[in-house]
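Below, each chain spelled out in residue letters.
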Amino acid sequence: MDCTEVKRVLWPADVLRVSDSELEAALEHAEDCPDCGHFLEADRRLARLIRESVPREPAPAELRERLYTALARERAGSPGPRRRFRFGRWPTVAGALAVGTVVGAAIYWWGGQGAMPSATAFAEDYLRRVVEQEALVSGDPQEVSAFFARELGVALPPPVVPGYELQRATICLMNGRRGGVVEYAAGDRSFSYYLVPQDRPVTRRGNRVDVRMVDDSVTDPPFALGRARGLGVATWWDEEHRHALVGDLPVAELERLAPLFIDATLRL
Amino acid sequence: MGQTFEELIGLHLDDLYSAALCFTQDARRAEELLQQASIRAFHEYRRARDQDFRRTMLGALVSTYLQSERRLGRDPLAPATAPGEEILYATAGREFEPFPDPGTPGYRLLRNWIGRVWSLLDDGDRLILWLADVERLRHGIVGEMVGVPEEEARDRHYRARLMLSQAAGRALSERTAGGAEA
């Protein structure tokens with residue numbers, strides 16, 4: 001094996017290889033050959049210099065925003081197994097199963113073991129907002145709808161809630177996912193509606209409430225209710241979104257409000 | 001549960017932008033390229049989530065870049081050497097003899113000059129050098145990404161290292177000569 005062949009076998013010098021007879025012969029040659037040894041050492045140093053000298057630039061903040069917006073649109077518009085919820089389409093057997101699902105979900109929900117945002121996460125985000133006053137846009141329903149279409153790829157028309165006024169809409173970050181928040185208030189009472197798109201179709205697990213699984217013969221509410229961090233929280237989900245109502249409200253009040261939002265979000 | 005595509009791209013965005021900027025040498029084009037590639041990778045990643053995110057994203061970035069160049073009538077991977085021409089494995093690093101030790105002023109100067117001459121490389125050389133030396137991908141993977149056989153990817157990688165070292169060597173010599181004249 002001559003020097004050119006040895007260099008061909010051993011180049012690049014900074015990469016690990018699986019040993020074979022050709023490699024061993026080349027290494028044996030390089031150990032005793034100053035020219036090959038020098039070549040390999042220079043190549044190793046050069047590779048290190050190249051890695052250390054690489055021109056690096058941080059991505060502009062505007063690019064980051066545009067990218068997330070484009071991905072949100074893509075996520076909203078991409079074809080997939082997007083089944084829409086229809087009350088009354090499921091047979092009675094499914095309805096009976098749904099009752100079990102709802103009851104089971106209510107029991108397991110507060111365990112908070114799911115990987116998706118837990119009720120506590122929603123409540124904590126609500127509390128952070130109260131403290132930080134992080135308003136992003138106005139409360140005009142059309143503007144809110146356009147805002148969510150632009151930011152999340154979901155044209156969510158905020159429902160009219162009797163007795164409450166729409167205050168504002170914001171973007172939240174829930175376990176790394178961008179979601180939308182619509183805030184309502186009536187006097188000193190307020191609550192927020194959360195919509196968090198999920199990365200993939202949600203699989204059915206014990207601590208979820210899937211509104212698609214609820215037949216109109218079911219009398220139990222198609223959402224889970226409870227309290228976390230001193231706040232009332234109602235949660236439900238569909239295949240592509242996690243929903244929640246959070247506020248310093250009695251559970252009974254949330255139970256009254258949640259169907260309005262379920263009805264609105266079924267039109268997404 | 002694994003991280004979402006958005007989370008992953010957020011973690012890798014600076015590196016990906018640096019790669020796009022290196023390929024295109026133009027900030028506006030780099031942003032467009034990264035946006036198009038992200039959408040492409042998003043769909044690929046959604047179909048098969050067990051893929052390596054960074055590799056999926058780099059693959060999308062490279063193929064989107066090559067497509068856009070070819071639409072403009074340019075081919076960064078046009079044959080770099082005549083068929084049958086053999087690259088001589090002999091001269092890498094010789095421009096810098098004696099090679100300065102890491103941490104010395106000479107080493108820092110050399111690193112600085114190598115950083116500057118990236119832009120002087122051919123588009124194809126820059127592309128291959130990034131994938132093989134910065135991303136540390138094996139030649140087989142680099143070849144798959146850019147659409148050439150593994151051996152060609154290896155030869156091109158060698159050529160790119162050589163070009164970079166020679167360009168830096170020339171620049172350093174000119175600077176030294178200029179300094180001496182001054």
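Residues numbered from 1 in each chain as written. Chains lettered and ligands numbered in written order. Predicted model: local features only at pLDDT ≥ 70, side-chain atom pairs only at ≥ 80, totals over all residues. Heavy atoms only, no water.

- Going by the annotation in an unreviewed UniProt entry, the name recorded for chain A is Anti-sigma factor RsiW, with Candidatus Kutchimonas denitrificans given as the source organism.

## Considering the pairing of strand 6 (residues 241–247) of chain A
Residues and elements named next belong to chain A.
At step 1: Of all 7 residues making up strand 6, 7 are buried, and the element is well covered by its neighbours.
At step 2: Alternating positions in strand 6 separate into two faces, His241, His243, Leu245 and Gly247 on one and Arg242, Ala244 and Val246 on the other, with burial throughout.
At step 3: Taken together, the 6 bridges between strand 5 (residues 231–237) and strand 6 define a ladder with antiparallel strand orientation. The residue bridging Gly232 from the neighbouring strand is Gly247, located in strand 6. (Buried < 20%, exposed > 50% of the residue type's maximum accessible area, 1.4 Å probe, protein only. Helix = DSSP H or I, 4+ residues; strand = E, 2+ residues; numbered from the N terminus. Pairing = 2+ DSSP bridges.)

## Overview of the interface of chain A and chain B
At step 1: If you look at the interface, chain A gives 46 residues, while chain B gives 55 residues.
At step 2: Of the roughly 5,100 Å² buried at the junction of chain A and chain B (both faces included), carbon and sulfur atoms supply 59%.
At step 3: Applying the counting rule to chain A against chain B returns 8 salt bridges.
At step 4: Inspection of the region where chain A meets chain B yields 18 residue pairs in polar contact (both at pLDDT 80 or more).
At step 5: Counting only elements with at least two residues in the side of chain A that touches chain B, the list comes to helix 1 (3–10), helix 3 (34–53) and helix 4 (61–77) of chain A.
At step 6: Looking at the side of chain A that touches chain B element by element, the count peaks at 14 residues for helix 3 of chain A.
At step 7: Of the residues belonging to the side of chain A that touches chain B, the class tally is 22 nonpolar, 6 polar and 18 charged. (Contact = heavy atoms within 4.5 Å. Buried area = accessible area lost by both parts, 1.4 Å probe. Salt bridge = Lys/Arg side-chain N within 4 Å of Asp/Glu carboxyl O. Polar contact = N/O pair within 3.5 Å; in protein donor to acceptor, adjacent residues only side chain to side chain. Nonpolar A, V, L, I, M, F, W, Y, C, P; charged D, E, K, R; others polar.)

## As for the packing of aromatic side chains
At step 1: In total, this model carries 13 aromatic pairs over all chains according to the counting rule given.
At step 2: Their ring planes at 85 degrees and their centres at 5.5 Å tell us that A:Tyr184 and A:Phe261 sit as a pair that is edge-to-face. Separated by 77 residues along the polypeptide, A:Tyr184 in strand 2 (residues 177–186) and A:Phe261 in helix 8 (residues 251–265) bring together distant segments of the chain.
At step 3: A relative accessible area of 2% places A:Tyr184 in the buried class.
At step 4: What makes A:Phe261 buried here is its relative accessible area of 0%.
At step 5: Here the aromatic rings of B:Phe23 and B:Tyr65 are separated by 5.5 Å at their centres, their planes lie at 35 degrees, and the arrangement is tilted. Note that B:Phe23 is positioned in helix 1 (residues 5–24) and B:Tyr65 in helix 3 (residues 53–71), a separation of 42 residues in sequence.
At step 6: Here the aromatic residues A:Tyr164, A:Tyr184, A:Phe191, A:Tyr193, A:Trp236 and A:Phe261 are joined through ring pairs into a cluster of three or more.
At step 7: The aromatic ring of A:Phe39 is capped on one face by A:Lys7, whose charged end is 5.3 Å from the ring centroid. (Phe/Tyr/Trp six-rings, centres within 6.5 Å; stacked < 30°, edge-to-face > 60°. Lys NZ or Arg CZ within 6 Å of the ring centre and 35° of its normal.)

## A closer look at the environment of A:Glu183
Residue and element names in this part refer to chain A.
At step 1: Structurally, Glu183 is set in strand 2.
At step 2: In this structure, the C-alpha to C-alpha distance between Glu183 and Arg168, residues 15 residues apart in sequence, is 5.4 Å.
At step 3: Within the structure, the side chain of Glu183 is placed 2.6 Å from the side chain of Arg168, a separation counted as a polar contact.

## Regarding the pattern of salt bridges
At step 1: Counting across every chain of the model gives 29 salt bridges over all chains.
At step 2: Across the salt bridge formed by B:Arg54 and B:Asp15, the nearest N and O atoms sit 3.1 Å from each other. Of this pair, B:Arg54 sits in helix 3 while B:Asp15 sits in helix 1, and the two are 39 residues apart along the sequence.
At step 3: The exposure class of B:Arg54 is partly exposed, given its relative accessible area of 22%.
At step 4: Residue class for B:Asp15 comes out partly exposed when judged on its relative accessible area of 25%.
At step 5: B:Arg74 serves as the salt-bridge partner of B:Glu69, at 2.9 Å between the closest nitrogen and oxygen.
At step 6: Given the relative accessible area of 2%, B:Glu69 is considered buried.
At step 7: Where salt bridges share partners, they join A:Asp14, A:Asp43, A:Arg51, B:Asp133, B:Arg136 and B:Arg161 into one cluster.

## Overview of the nonpolar core
Residue and element names in this part refer to chain B.
At step 1: Counting 68 residues, the largest nonpolar core has Phe5, Ile9, Met57, Ile114, Trp118, Leu131 and Val146 as the members making the most contacts within it.
At step 2: Here the element with the most residues in this core is helix 1; it accounts for 11 residues.
At step 3: In this structure Val146 touches Val62, Leu66, Leu77, Leu127, Ile128 and Leu131, once residues within four positions along its chain are discounted. (Core = buried A, V, L, I, M, F, W, Y, C linked by side-chain atoms within 4.5 Å.)

## Brief notes about the pairing of strand 3 (residues 189–197) of chain A
Residue and element names in this part refer to chain A.
At step 1: For strand 3, the tally of buried residues reaches 7 of 9 residues, placing the bulk of the element in the interior.
At step 2: Pairing analysis gives 7 bridges linking strand 2 to strand 3, with the strands arranged antiparallel. Along strand 3, the bridge assignment pairs Tyr184 with Phe191.
At step 3: The turn linking strand 2 back onto strand 3 is made up of 2 residues, and Gly187 within it adopts a positive phi angle of 60 degrees.
At step 4: The sheet contact formed by strand 3 and strand 6 spans 7 bridges and is antiparallel. Note that in strand 6 the partner of Phe191 across the bridge is Gly247.

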